Amino acid sequence: MSAEFGRRSGGQGRISQWLRGRRRPLMAEAADDTSREELLLAAAGAGLPLAPAAYPSGYRCSCDRVGCPTPARHPVSFAWQTQSTTDSAQIERWARHQPQANFITATGMVHDVLDVPLEAGREALERLLASGIDVGPVAESGGDRMLFFTATRGTPEEEDEWWPCELDCHPETMDEHPGLRWHCRGSYVLVPPAQLPGDLAVTWLRGPEHPLPDPLTLLEILTDECARYAGAQPEHLAWPMRS
């Protein structure tokens, strides 16, 4: 279900080669409904609250919205925050009754997600593992982003310690934030396995069996690699780093 990078056997170069060469066929980790359900239930079993999401309809979104800004990447219900659940029976019903549906996981309840450009994420993942830092679940999303799943920075009992996702990005304005995005309260990401327009997918690199780390243990290396990646881009494509 996931690739284990925990050991440095073969050196950093071998890790980089594995990451750069890993291109699974569309939905390869969910070849049938059984494996799809197993992956979804494993995510829920790790505490990630799930809710049904839209799916590709050709190169468009399955929703009725004309010009959907996030095709196949958004929940189907406006009540997704209260609908999100880890209840296995409910998730099985959704998966079986909506066999094409993607699923989102609501962040800021149990977990956050640090969402970075794919190339920066690859370099950061290699550095983190080579440094012996505990890395939790990691997913590749749509061929251009990497998602690092972490523990949330707050709990309902510490309401004043939470910040809303709008301070970082909003799910429908993510294109305006091409650098590091911190998905926390009020946001969501697609959870693997998910299918996107253009034969793209969301797949696990490291599965949800890995414990969620403190986000601050990853943040320095992730921001460093994002800054390095931004500096390597043409000037008109670079972005200012957010504090």
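Here the residue numbers are simple positions, counted from 1 along each chain's written sequence. Restriction of local features to residues with pLDDT of at least 70 applies here, the model being predicted, together with a cutoff of 80 or more for giving and counting side-chain atom pairs; totals for whole chains, interfaces and linings are based on all residues. Values shown for side chains rest on all heavy atoms present in the structure; no hydrogens or waters enter the calculation.

1. Looking at the packing of aromatic side chains
Right, so step 1: Stacked, edge-to-face and tilted are the three classes for Phe, Tyr and Trp ring pairs, Trp counted by its six-membered ring, which pair at centre distances within 6.5 Å; planes under 30 degrees apart are stacked, over 60 edge-to-face, the rest tilted. Applying the stated criterion across every chain, the model contains three aromatic pairs.
Right, so step 2: Aromatic side chains Trp80 and Tyr188 sit 4.8 Å apart centroid to centroid with 80° between the ring planes, which places their arrangement in the edge-to-face category. Placement of the pair is Trp80 in helix α3 (residues 80-83) and Tyr188 in strand β9 (residues 188-191), with a sequence separation of 108 residues.
Right, so step 3: Assessed through its relative accessible area of 9%, Tyr188 is described here as buried.
Right, so step 4: Ring geometry for Trp94 versus Phe103: centroids 6.4 Å apart, planes at 45°, classification tilted. Considered together, Trp94 and Phe103 belong to a single accessibility category, that of buried residues. Secondary structure elements follow DSSP: runs of H or I of four or more residues count as helices, runs of E of two or more count as strands, with numbering from the N terminus. Here's how the labels work: a residue is buried when its accessible area is under 20% of the maximum for its type, exposed when over 50%, partly exposed in between, all with a 1.4 Å probe on protein chains only.

2. Points about the nonpolar core
Right, so step 1: Nonpolar core, defined: a set of buried Ala, Val, Leu, Ile, Met, Phe, Trp, Tyr and Cys residues in which side-chain atoms within 4.5 Å join the residues together. Membership of the largest hydrophobic core comes to 28 residues, with the highest contact counts inside it found for Leu50, Phe149 and Val191.
Right, so step 2: Those elements that provide at least two residues to this core are α2 (33-45), β1 (50-53), α4 (88-97), β4 (102-106), β7 (145-151), β9, β10 (194-196) and β11 (200-206).
Right, so step 3: What makes two residues a contact is simply this: any of their non-hydrogen atoms within 4.5 Å. Ignoring anything within four residues of it in the chain, the contact list for Phe149 reads Leu48, Thr105, His111, Asp112, Val113, Gly136, Pro137, Ala139, Val189, Trp204, Leu212 and Pro213.

3. Comments concerning the pattern of salt bridges
Right, so step 1: Salt bridge, as used here, is a side-chain nitrogen of Lys or Arg placed within 4 Å of a carboxyl oxygen of Asp or Glu. Within the structure shown, the criterion is met by eight salt bridges.
Right, so step 2: Arg122 is the salt-bridge partner of Glu119, the closest N and O atoms lying 2.8 Å from each other. You can see Glu119 and its partner Arg122 sitting in helix α5 (residues 118-130), three residues apart, about one turn around the helix.
Right, so step 3: We classify Arg122 as buried; its relative accessible area is 5%.
Right, so step 4: As a salt-bridge pair, Arg228 and Asp224 come within 3.3 Å of each other at their nearest N and O atoms. Taken together, the residues span about one helical turn, with Arg228 and Asp224 both in helix α6 (residues 216-231) at a distance of four residues.
Right, so step 5: In this structure, a network of salt bridges that share partners links the residues Arg127, Asp224, Glu225 and Arg228.

4. Some details on the sheet that holds β7
Right, so step 1: Pairing within the open sheet is antiparallel, and its six strands lie in the order β8-β5-β7-β6-β11-β10. Of all the strands in the sheet, the pair left with one neighbour each is β8 (181-183) and β10. Strand after strand, the sheet turns through a mean of 25° between neighbouring axes, direction not considered.
Right, so step 2: Strand pairing is assigned whenever DSSP detects at least two bridges linking the two strands. Inspection of the sheet shows strand β5 (residues 111-117) paired to β7 by seven bridges, in the antiparallel sense. Along β7, the bridge assignment pairs His111 with Ala151.
Right, so step 3: Comment: axis = line fitted to C-alpha atoms, over the contacting stretch for helices; angle = value between 0 and 180 degrees taken between N-to-C directions. The strands touched by α6 are β5, β7 and β8; relative to β5, the strand with the most contacts, the crossing angle is about 20°.

5. Some points on the state of the cysteines
Right, so step 1: Pairs of cysteine sulfur atoms within 2.5 Å are what we label disulfides. On inspection of all chains with the given rule, the structure shows zero disulfides.
Right, so step 2: Between Cys61, a cysteine without a disulfide, and Cys63, which holds the nearest cysteine sulfur, the sulfur-to-sulfur distance is 3.5 Å.

6. Overview of the confidence of the model for the protein chain
Right, so step 1: A score from 0 to 100, pLDDT tells how confident the predictor is in each residue. With 71% of its residues at a pLDDT of 70 or more, the protein chain shows a mean pLDDT of 80.
Right, so step 2: In this model, residues 1-31 is a region of pLDDT below 50 whose contacts with residues beyond four sequence positions or in other chains number 63 contacts.
Right, so step 3: Low pLDDT, under 50, characterises residues 161-167; the stretch is placed with 21 contacts to residues that sit more than four places away or in other chains.

7. Focus on the environment of Ser35
Right, so step 1: By secondary structure assignment, the location of Ser35 is in helix α2.
Right, so step 2: Considering only alpha carbons, one finds Ser35 and Pro193, 158 residues apart in sequence, at a separation of 9.4 Å.

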